[in-house]
Amino acid sequence: MPDIILHHYDLSPFFEKIRLALGYKGLAWTSVVVDAVPPRPALDALTGGYRRVPVLQMGADICCHTEVIFRALERVEPTPTLYPAGEGIAKALSLGWNRATWKPAIGVLVTHIGEHLPEEYLRDRKEHYLGYDISRDAMAPMLPAHLQQMSAQIDWLASMLRQNGDDLTGPALGAADLTCHHSIRLLRANAGAEAIDAQLHIAPEVVAWMDRIAAIGHGTKTDMTPGDAVALAKAATPADPGLGDNDPSGLSLRTTVSVTPNDNARVPVTGTLVGADAQEVVIAVENAEAGKLHVHFPRAGFDTLAADTTARTAA
Ligand SMILES: N[C@@H](CCC(=O)N[C@@H](CS)C(=O)NCC(=O)O)C(=O)O
């Protein structure tokens, strides 16, 4: 098995989701810490320019986005599975949860710790990533709405736990649990568990579930520099994606395509299609720094278009 290398920074809540999955599967992994604010030249060389973290690297295979990272981990170590109730319920719940709770969670967070966020970070998020201001002053007027949104979503989690037992979708812990846990953990870890539980009216079932997930731990970690990770990719050969020529929209292998997130940071990554199915797309990217790479993206939440279509759309 190639080394599992995770590119991340500590403040990232999505990083927690992956660390817990590694701990749950009992996997050893290597940590590469990147700056919380770009430029990140080593990571750009590996991803072809995808803006977000975490990113998982296995040799010359690069997985962008936590849902495609989960899929890769599942291939490497199938047990215990991250999809005990099937992939569909886990992924649908995760996508809905992330999109509905990310902004309200940040809105609540900055009212507690906003004074500690550096100007440079706030400016980058406003001008280059989100397109809006997440400083405490800018978010404060929306606090009642953000609290309402978080409470409504967390109440759904409580109802799932009452229905299904210890884990959201039953019959065991899975990807949906790790996804929904990480945003609540972000708030409890930074603003204090008691304060957040009271402010969001978090039910005892949810608190007990949070504690069970935190006890999983993060597996065994060693450290690596970004430069060494790029050198390792360059020395490696990308794996056969094993997905075949199964793009449901009819894109053929060897087509030049662009893959673009359809929420934040809509920066396209361009490469040659080397594998596709309804859940994942793999493109070949090559550059002087990192050599030949296979970069993996999910389908849901990303638009994969033939490069000539992208040009027409942009025109
Ligand atoms: N839906 C993405 C979200 C990842 C995400 O939003 N990551 C944040 C950090 S928590 C990010 O990349 N922020 C911008 C940046 O770091 O450049 C995933 O699941 O991977």
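Quick caveat, the model's predicted, so the values are computed rather than measured.

Draft legend 1. Spatial organisation of the state of the cysteines. All chains considered together, the criterion is met by zero disulfides. Free of any disulfide, Cys64 has its nearest neighbouring cysteine sulfur in Cys63, separated by 7.5 Å. Owing to a relative accessible area of 0%, Cys64 belongs among the buried residues under this scheme.

Draft legend 2. Quick look at the layout of surface pockets. Computed from the structure, the largest pocket encloses a volume of approximately 700 Å³. Around the largest pocket sit 34 residues that line it, and Phe14, Arg52, Trp102, Tyr129 and Asn264 are the ones nearest its centre. Elements that contribute at least two residues to the lining of the largest pocket include exactly helix 1 (13-24), helix 4 (87-113) and helix 5 (119-129). In terms of residue count, the dominant contributor to the lining of the largest pocket is helix 4 (eight residues). Its residues assigned to classes, the lining of the largest pocket shows 21 nonpolar, six polar and seven charged.

Draft legend 3. Spotlight on the site of the ligand. The ligand sits among Tyr9, Ser12, Pro13, Phe14, Arg40, Arg51, Arg52, Val53, His65, Thr66, Arg125 and Tyr129. Measuring from an oxygen atom of the ligand, one finds a side-chain N or O atom of Arg40 at 2.9 Å. Taken by itself the ligand offers 500 Å² of open surface, and the protein chains cover 94% of this. Placement of the ligand is best described as lying within the largest pocket. Contributing elements (two or more residues each) for the shell around the ligand: helix 1 and helix 5. In terms of residue class, the shell around the ligand is built from five nonpolar, three polar and four charged.

Draft legend 4. The environment of Gly275, seen in detail. Here Gly275 shows up in strand 7 (residues 269-276). The sequence separation of Gly275 and Leu95 amounts to 180 residues, and the corresponding C-alpha distance is 23 Å. Among all residues touching Gly275, those that are not within four sequence positions of it are Pro241, Leu243, Gly244, Leu253, Glu280, Val281 and Val282.

Conventions we followed
- Residues numbered from 1 in each chain as written.
- Predicted model: local features only at pLDDT ≥ 70, side-chain atom pairs only at ≥ 80, totals over all residues.
- Heavy atoms only, no water.
- Disulfide = S-S within 2.5 Å.
- Buried < 20%, exposed > 50% of the residue type's maximum accessible area, 1.4 Å probe, protein only.
- 1 Å grid on protein atoms, 1.4 Å probe; cavity = no way out; pocket = protein on both sides within 12 Å on 5 of 7 lines; lining within 4 Å.
- Points joined across faces, edges and corners; volume = space filled by probe spheres on them.
- Helix = DSSP H or I, 4+ residues; strand = E, 2+ residues; numbered from the N terminus.
- Nonpolar A, V, L, I, M, F, W, Y, C, P; charged D, E, K, R; others polar.
- Near = heavy atom within 4 Å.
- Polar contact = N/O pair within 3.5 Å; in protein donor to acceptor, adjacent residues only side chain to side chain.
- Areas by Shrake-Rupley, 256 points an atom, 1.4 Å probe, with all protein chains shown as cover.
- Sits in = over half its atoms within 2 Å of the grid points.
- Contact = heavy atoms within 4.5 Å.

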